[in-house]
Amino acid sequence: MDKTYKPKDIEQKWYQFWKSNDYFSPSGEVGNSYCIMIPPPNVTGTLHMGHAFNNTLMDCLTRYHRMCGYNTLWQPGTDHAGIATQMVVERQLNAENKTRHDLGREKFVDKVWEWKERSGNTIYGQLERMGSSLDWSRERFTMDEGLSEAVKQVFVRLYDEGLIYRGKRLVNWDPKLHTAVSDLEVLSEEENGHMWHMRYPLVDAKMSDGNDYLIVATTRPETMLGDSAVAVHPEDERYKGIIGKKVKLPLTEREILIIADDYVDPEFGSGCVKITPAHDFNDYEVGQRHDLEIINIFTIDAKINDNAPAAYQGLDRYEARKKIVTDLEELGLLAEVKDHKLMVPRGDRSGVVVEPYLTDQWYVKIQPLADPAIKAVKDGDIQFVPENWSKTYFEWMNNIQDWCISRQLWWGHRIPAWYDNEGNIYVAEDEATVRKKYKLDANIELSQDEDVLDTWFSSALWPFSTLGWPEQTPELKTFYPSSVLITGFDIIFFWVARMIMMGLKFMDNVPFEKVYIHGLVRDADGQKMSKSKGNVLDPIDIIDGIDLEKLIKKRTTDLMQPEMASKIEKATRKQYPDGIKAYGTDAMRFSFAAQASTGRDIKFDLNRIEGYRNFCNKLWNATRFVLMNCKDKEIASHIDKQKLTLADRWILCKQQEVIDLTHKHLNNYRFDLVAQALYEFSWHEFCDWYVELCKPTLFKDDVDESIKQNSRRVLLEVLENLLKLLHPIIPFLTEEIWQPIAKELKLAGNSISTQDFPRSNNDYVDVESLEELEWSKEFINGIRKIRSEMEIPPGKPLRILLQNWSIQDQSYFENSQQYIYSLAKVENIEWLKDDAAPESATALVGEMKILIPLAGLIDKDAESARLEKEIKKLESNIEKSLAKLNNPNFSEKAPADVVNKERERVSEMQTSFQQLKEQLDKITKL
RNA sequence: AGGCGCGUAGCUCAGUUGGUUAGAGCGCUACCUUGACAUGGUAGAGGUCAGCAGUUCGAAUCUGCUCGUGCCUACCA
């Protein structure tokens, strides 16, 4: 073995080994099955740190359950991501000065498939580099034939049951992409704008105050061209007299009605609201109530259409706004313009302001689907982890709106609906079935709906469509419902809720029993990572490393806003002046596991990854030590309990604890605690103590050979178990170093990934060994402390005197003297029988005093200062504890064991206090 | 406006049903190349647990308020 751990040399080969040996397929054993469905990544781009995090956790659980003997499936696949993917390919066409219309639908879709092929492969490559143990033989894509069949069936069934309908309604219209988008795809941000107050002249009427106009305000003046009424509150005294009268709509020839509706807040503004049913969701409702005319004034590009006065036709919405404001001003009808902050709705993909727009769209009637989905979580059929996320889920589900599922795109599942020349709608899987189903003659012309379905419609079916539904496959029977869904909180609405609704509807059962919601990976400053901010990282660059120039190039190419490039470059140079070193997959994975606590943000931290890379190196070297001391040496064929050293007993006992902790925390999805427990055990128990304690046993000639052989066995077995415990988090390193260890142990099996996960063994629980070794550690630490604080060279062997010892101390010493001699570099120990002793530095082990004679080694004043400091600390702690105990309320009301514990503590502290005080007196007297 | 969080060492974060001397990693200081490892070892410094009040024998932990901060949802023209 090399002296240092080099991830590059070991990672790649093992993945191919696992894959070619088919270790990732379900075992097929009947009984316990365990299944995780990958949240299918978009084929739009490549995987980012969030995916890396998400997949690390899934792989960790998958490997754990596989090793625990479950029939385990981790289902891989990708999502077609309609709008986003179409946009990427359109952008490429634009670069060649072409549009998708130049190609036509069929050719364009072919192009997208080409993109999907390339991008999908990149994604799968990334997943492999991250060590993901997915069953590749079952890989699926949302637009596969099988999954498309599922989509059609679901659509047809929901339509036939009246749960899908087509309707002309206001939708969120993206004027750039020319498609409707759902509420969830609109992001509203506060932006600076204006509030324009306009005068609408009254027709044949006057206000009580004599004015002959009303004032209405708007943030979107251009919409006034589509006004069909002005509304006031029915109880508003100011306007009671003019309800039913008319105003002249400026800039047009139209006169519109003044209506009363309690939607109007009389306290707000003038108390008058212009009503534009075609371009505002609230106004639309008002329009419905009052049977108002719906006047659409926009084209699909959000330019003014022919319904508006000729002067404005063809103008872009913002040009029209300008012109309207100017024109009103000239007419003296602009009363006031105020700065105003408003929420501006933008398409999450296009970034342009979306418009409420009247179109024909397909909707899912959601309430009948939502009700059982709410119940499933309420009843505990599905549990959120952490539990609190169920509140977010309920919050949304209780206010859910019908779901607009049609998109005016070319890339996606084409809606299985056909129209005849009269516009009648026929819904079935294909045209032939339509004709049969609706008994239509062959001569009736039919044309299929041009639109495709929202991507999330097919994603909602993922948990069962990937398993072969609508066929009743054995896989469906075995793996539905899946065990747990692992995802970020950002898609609870988009995906989680919709999977639950569809699962319940079509499988009559929940799609997963648990939903583990993890945080979102952010950059070191806590900023969300995004291409436009230029702070994204490719997990592969953490694994393999990347130099600064390449990283800058990666971050600044293909930007939506190329003007950001220099800013991004500057920030990148500052944050990664030396680029990124190669840390390897395992260090990255360990870091993700360690950061997966219950919080919402995972701040990405290179230092932390470096720390875990060092941890990997530590394991690597511990293995080196073990192999050096076991290779070509005799090893006991099994652990002989009679021949265990104290250290052996102790580490075996400690290992049982960490095994139990690992199971416990993994079952609670506390990956951070698993990582912490294993880190602590590996480094601070196994390496810092056990390996060091083994050295005297293994190296000293006077130790019985059978004891040595037994200890070697313990070393190997404990390490082997430890590697198995760590394998779900750091699969590559553990496989690499498990192989030679397994060889020494003559284990069956070719891979750690198919070994049984450790279970704790009560035979090795040995509480006495814990106490006894604790005593040794205190002894050793006491000496080390004096050595360090008194500046005694670490290499200098010491003469030690012991005073005030008990039989117990002597018996403990019996078992641990070799450790003390070796780890504390002690040369000679003398058990004093009385108080007489040379002037010395002191450490305590319980009541026993360890004395290190000053004898030219130690400065007297330094030692008394050190003692004084410790005495002072004890004093203050004793004082605190006594105050507690002297409070009658405490001793009466607190549980007995708490009180006893406190008493014991005080008495221990008092003893130490006495001992140290005596020692101090002695030194100062001399 | 409503909902959900967060505020613990210089930084990143743990802290289970209230009972420790409040922990870890990184960073920092000193010493050390000792026969697995300098991607290391040993020892150490560093915290009024945002603030105030309350419940309790006892609060980082429970309650209320204040301040700071983040996210989500819905919005009044």
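Scoring rules and cut-offs
- Residues numbered from 1 in each chain as written.
- Chains lettered and ligands numbered in written order.
- Predicted model: local features only at pLDDT ≥ 70, side-chain atom pairs only at ≥ 80, totals over all residues.
- Heavy atoms only, no water.
- Helix = DSSP H or I, 4+ residues; strand = E, 2+ residues; numbered from the N terminus.
- Buried < 20%, exposed > 50% of the residue type's maximum accessible area, 1.4 Å probe, protein only.
- Near = heavy atom within 4 Å.
- Polar contact = N/O pair within 3.5 Å; in protein donor to acceptor, adjacent residues only side chain to side chain.
- Pairing = 2+ DSSP bridges.
- Axes fitted to C-alpha atoms, helices over the stretch in contact; angles between N-to-C directions.
- Salt bridge = Lys/Arg side-chain N within 4 Å of Asp/Glu carboxyl O.
- Expected span 1.5 Å × (residues − 1).
- Arc of directions from axis to C-beta.
- Contact = heavy atoms within 4.5 Å.
- Disulfide = S-S within 2.5 Å.
- Phe/Tyr/Trp six-rings, centres within 6.5 Å; stacked < 30°, edge-to-face > 60°.
- Lys NZ or Arg CZ within 6 Å of the ring centre and 35° of its normal.

### Topic: the environment of Gly167
And step 1. Checked against the element boundaries, Gly167 lands in strand β5 (residues 164-174).
And step 2. For Gly167, a relative accessible area of 11% gives the class buried.

### Re the protein's contact with RNA strand B
And step 1. In the vicinity of RNA strand B, 57 residues are found, and the nearest of them are Asn282, Met343, Asn388, Lys893 and Arg905.
And step 2. Looking at RNA strand B alone, sugar and phosphate atoms form 64% of those within 4 Å of the protein.
And step 3. At 2.3 Å, a side-chain N or O of Asn282 approaches a phosphate oxygen of RNA strand B.
And step 4. Contacts to RNA strand B include Asn887, whose side-chain N or O atom sits 3.0 Å from a sugar or linking oxygen.

### As for the sheet that holds strand β26 (residues 798-803)
And step 1. In spatial order, the strands read β27-β26-β29-β28; together these four strands make up an open sheet with mixed pairing. Unpaired on one side and paired on the other, β27 (826-831) and β28 (840-845) mark the two borders of the sheet. Sheet twist, expressed as the mean angle between neighbouring strand axes with direction ignored, is 25°.
And step 2. Bridge analysis of β26 against strand β29 (residues 848-853) gives three bridges, and the strand direction is antiparallel. Across the sheet, Leu801 pairs through a bridge with Leu851, a residue of β29.

### Remarks on the environment of Arg118
And step 1. Tracing the sequence through the fold places Arg118 in helix α5 (residues 105-129).
And step 2. Here Arg118 falls in the exposed class, since its relative accessible area comes to 52%.
And step 3. It is 9.9 Å that separates the C-alpha atoms of Arg118 and Gly45, two residues lying 73 residues apart in sequence.

### Focus: the pattern of salt bridges
A side chain with one charge can pair with a side chain of the opposite charge if their charged atoms come near.
And step 1. A complete count under the given rule lists 55 salt bridges for this structure.
And step 2. A salt bridge links Asp544 to Arg129, with the shortest nitrogen-to-oxygen separation between them at 2.8 Å. Of this pair, Asp544 sits in helix α16 (residues 539-544) while Arg129 sits in helix α5; the two residues are 415 residues apart in sequence, bridging distant segments of the chain.
And step 3. For Asp544, a relative accessible area of 23% translates into the label partly exposed.
And step 4. Taking relative accessible area as the criterion, Arg129 reaches 17% and is therefore assigned buried.
And step 5. When the shortest N-O distance is used, the salt bridge between Arg866 and Glu870 registers 3.5 Å. Highlighted residues: Arg866 and Glu870, both in helix α27 (residues 860-886), separated by four residues, approximately one helical turn.
And step 6. By relative accessible area, which is 30% here, Glu870 ends up partly exposed.
And step 7. Salt bridges linked by common partners bring Glu185, Arg407, Asp454 and Arg498 together as one network.

### Details of the pairing of β28
And step 1. Within β28, six of the six residues are buried, which leaves the element mostly enclosed by the surrounding structure.
And step 2. Both β28 and β29 contribute to a ladder of six bridges, which runs antiparallel. Across the sheet, Ser840 pairs through a bridge with Pro853, a residue of β29.

### Topic: helix α8 (residues 317-330)
And step 1. Between its terminal C-alpha atoms α8 stretches 20 Å, which fits the 20 Å expected from 14 residues at 1.5 Å a residue.
And step 2. Listed in full, the buried residues belonging to α8 are Arg317, Ala320, Arg321, Ile324, Val325, Asp327 and Leu328. Considered in projection along α8, the buried side chains sweep an arc of 165° and stay on one side of the axis. Of the residues in α8, the exposed ones pointing more than 90 degrees away from the buried face are Lys322, Glu329 and Glu330.
And step 3. Against the buried residues of α8 lie β7 (186-203), β13 (334-347) and β14 (355-364).
And step 4. Measuring from the side-chain oxygen of the N-cap residue of α8 to the backbone nitrogen of Tyr318 gives 2.9 Å; that N-cap residue is Asp316.

### A few points about unusual backbone geometry
And step 1. A cis amide bond links Val385 to the next residue, Pro386, at an omega of -10°.
And step 2. Here Pro386 lies in the loop between β15 (383-385) and α10 (389-397).
And step 3. Phi is positive for Lys439, close to 50°, though the residue is something other than glycine.
And step 4. Locating Lys439 in the fold gives a position in the loop between α11 (431-438) and β20 (447-448).
And step 5. For Lys439, a relative accessible area of 73% translates into the label exposed.
And step 6. The phi angle at Lys825 is positive, at roughly 50°, despite the residue not being glycine.
And step 7. Among the structural elements, Lys825 can be located in the loop between α26 (807-823) and β27.

### Here's the deal with the state of the cysteines
And step 1. The tally for this structure, following the rule as stated, stands at zero disulfides.
And step 2. In this model Cys616 remains outside any disulfide bridge; the closest cysteine sulfur is found in Cys687, 12 Å from its own.
And step 3. By relative accessible area, Cys616 is classed as buried at 0%.

### Topic: the packing of aromatic side chains
And step 1. In this structure the tally under the stated criterion is 45 aromatic pairs.
And step 2. Measuring from centroid to centroid gives 5.4 Å for Phe155 and Trp362, while their planes differ by 70°, and the two rings are edge-to-face. Taken together, the residues Phe155 in helix α6 (residues 145-160) and Trp362 in strand β14 connect sequence positions 207 residues apart. Here Phe155 and Trp362 have matching classes, each one buried.
And step 3. Taken together through their ring pairs, the aromatic side chains of Trp775, Phe779, Trp805, Tyr812, Phe813 and Trp831 make up a single cluster.
And step 4. The ring centre of Phe141 lies 4.3 Å from the NZ or CZ of Lys116, which sits over that ring.
And step 5. When the ring centre of Tyr213 is taken as reference, the NZ or CZ atom of Arg199 above it lies at 5.1 Å.

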